[in-house]
Amino acid sequence: IDLEDAVADDAKNAVRTVAIAAVADYGSDDNTEIWLRINSMRSAAGMADITALAEADHAPDGLMLPKISAPEEVRILRDVLSAKHPDLRFHPLIETTEGLKWAYEIAKSSHKIGSLLLGGFDMSANLRVEPGWNSLLYARQQLVLAAANAKVDLLDMPFFSLDDPDGLK
């Protein structure tokens, strides 16, 4: 469930309420993980997302953490959310050069890290390059190293060339 890019600014409060209620209504099972992509914790909407989760009786299985740029951000989230939601896993999106620089430390910053994710579209914008394989190869290599050393999963960016059915396959 995306609370970040998929939601207009004037709808974030309403969608947050609906999303957290949906998480509680759906529950969790062994076959399905529910992840919630919150807004950057460096924004008012992100802080509101975190506060709402800290007060909620139910949390998703995982939180996608956009634009994480330092390990301290993960530790703050851990400290705020762990007491009420001890099983909640974090999935930092590495989308900026600052986040890439600290990727290893971010991956090791908490026992709650479930995976790292390459936010390739935003990373390519930050690097001022096209979001292609070759232009993001160095970032991918750094994230492979960080994830492997931290013993966490790594998820690549979505495939954006929807007009390329062979590539999509």
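Use the structure listed above.
Right, let's walk through the structure included here. Quantities reported herein were computed from a predicted structural model and do not represent experimental measurements.

Section: the overall build of the protein
Helix and strand counts for the protein come out as 8 helices and 5 strands. Written out in order from the N terminus, the α and β elements of the protein read α-β-α-β-α-β-α-α-β-α-α-β-α. Expected size for 169 residues packed as a compact globule is a radius of gyration near 15 Å; at 16 Å, the protein falls within 12% of this value. Expressed along its principal axes, the backbone C-alpha trace of the protein runs to roughly 45 × 35 × 35 Å. Of all 169 residues assigned to the protein, the portion counted as buried reaches 43%. Partitioning the contacts of the protein with sequence separation of at least 6, the portion at a separation of at least 24 is 71%. Just so you have it, the protein exposes about 9300 Å², and 54% of that area is on carbon and sulfur atoms. The distance from the centre of the 16 positive side-chain charges to the centre of the 27 negative ones in the protein is 7 Å.

Points about the packing of aromatic side chains
Enumeration over the complete set of coordinates arrives at 0 aromatic pairs. For Lys112, the ring lying beneath its charged end belongs to Phe90, and the centroid distance is 5.6 Å.

Considering a nonpolar patch on the surface
Together, Phe159, Leu162 and Leu168 make up a nonpolar patch on the protein surface, roughly 300 Å² of accessible area in all. Along the chain, Leu162 turns up in the loop between strand S5 (153-155) and helix H8 (165-168).

A closer look at the pairing of strand S2 (residues 62-65)
Side chains Gly62 and Met64 project from S2 onto one buried face, and the interleaved Leu63 and Leu65 project onto a second face that is buried too. Read from strand S1 (residues 35-37) through helix H2 (residues 44-55) to S2, the crossover connection turns out right-handed. Of the pairings in the sheet, the one linking S2 to strand S3 (residues 89-94) comprises 4 bridges and is parallel in character. Looking across to S3, one finds that Met64 is bridged to His91. Crossover handedness for the path S2 to helix H3 (residues 71-81) to S3: right-handed.

Quick notes on H3
Among the residues making up H3, those that are buried are Pro71, Glu73, Val74, Leu77 and Leu81. Across the axial projection of H3, the buried residues extend over an arc of 160 degrees, all falling on one side. Buried residues belonging to H3 abut H2, S2, S3 and helix H5 (103-107).

Focus: the environment of Glu95
Mapped onto the elements of the fold, Glu95 is located in the loop between S3 and helix H4 (97-101). Glu95 sits 25 residues away from Gly120 along the chain, and the two C-alpha atoms are 6.3 Å apart. Beyond its immediate stretch of four places on either side in the chain, Glu95 contacts Arg37, Pro66, Lys67, Gly119, Asp122, Met123 and Asn126. For Glu95, the side chain forms a polar contact with the main-chain nitrogen of Lys67, separated by 2.7 Å.

Section: helix H7 (residues 137-150)
Relative to the 20 Å expected for 14 residues at 1.5 Å per residue, H7 spans 20 Å between its end C-alpha atoms, a close match to the ideal helical length. Residues Ala139, Arg140, Leu143, Ala146, Ala147 and Ala150 constitute the buried set of H7. Here the buried residues of H7 occupy an arc of 130 degrees about the axis, which is enough to place them on one side. Set apart from the buried face of H7 by more than 90 degrees, the exposed residues are Tyr138 and Ala148. Structurally, H7 contributes buried residues whose contacts are with S3, H4, H5, strand S4 (115-118), helix H6 (120-127) and S5. Positioned one or two residues after H7, Lys151 has a phi angle of 60 degrees, which is positive.

So, how was this worked out
- Residues numbered from 1 in each chain as written.
- Predicted model: local features only at pLDDT ≥ 70, side-chain atom pairs only at ≥ 80, totals over all residues.
- Heavy atoms only, no water.
- Helix = DSSP H or I, 4+ residues; strand = E, 2+ residues; numbered from the N terminus.
- Rg over C-alpha atoms; globule rule 2.2 N^0.38 Å.
- Buried < 20%, exposed > 50% of the residue type's maximum accessible area, 1.4 Å probe, protein only.
- Contact = heavy atoms within 4.5 Å.
- Areas by Shrake-Rupley, 256 points an atom, 1.4 Å probe, with all protein chains shown as cover.
- Lys, Arg positive; Asp, Glu negative; His and termini not counted.
- Charge placed at Lys NZ, Arg CZ, Asp CG, Glu CD.
- Phe/Tyr/Trp six-rings, centres within 6.5 Å; stacked < 30°, edge-to-face > 60°.
- Lys NZ or Arg CZ within 6 Å of the ring centre and 35° of its normal.
- Patch = residues over 30% accessible without salt bridge, like charges linked within 9 Å, V, L, I, M, F, W, Y side chains within 5 Å.
- Salt bridge = Lys/Arg side-chain N within 4 Å of Asp/Glu carboxyl O.
- Right-handed = clockwise from strand over helix to strand, strands pointing away.
- Pairing = 2+ DSSP bridges.
- Arc of directions from axis to C-beta.
- Polar contact = N/O pair within 3.5 Å; in protein donor to acceptor, adjacent residues only side chain to side chain.
- Expected span 1.5 Å × (residues − 1).

Spatial relationships are all this shows, so hold off on functional conclusions.
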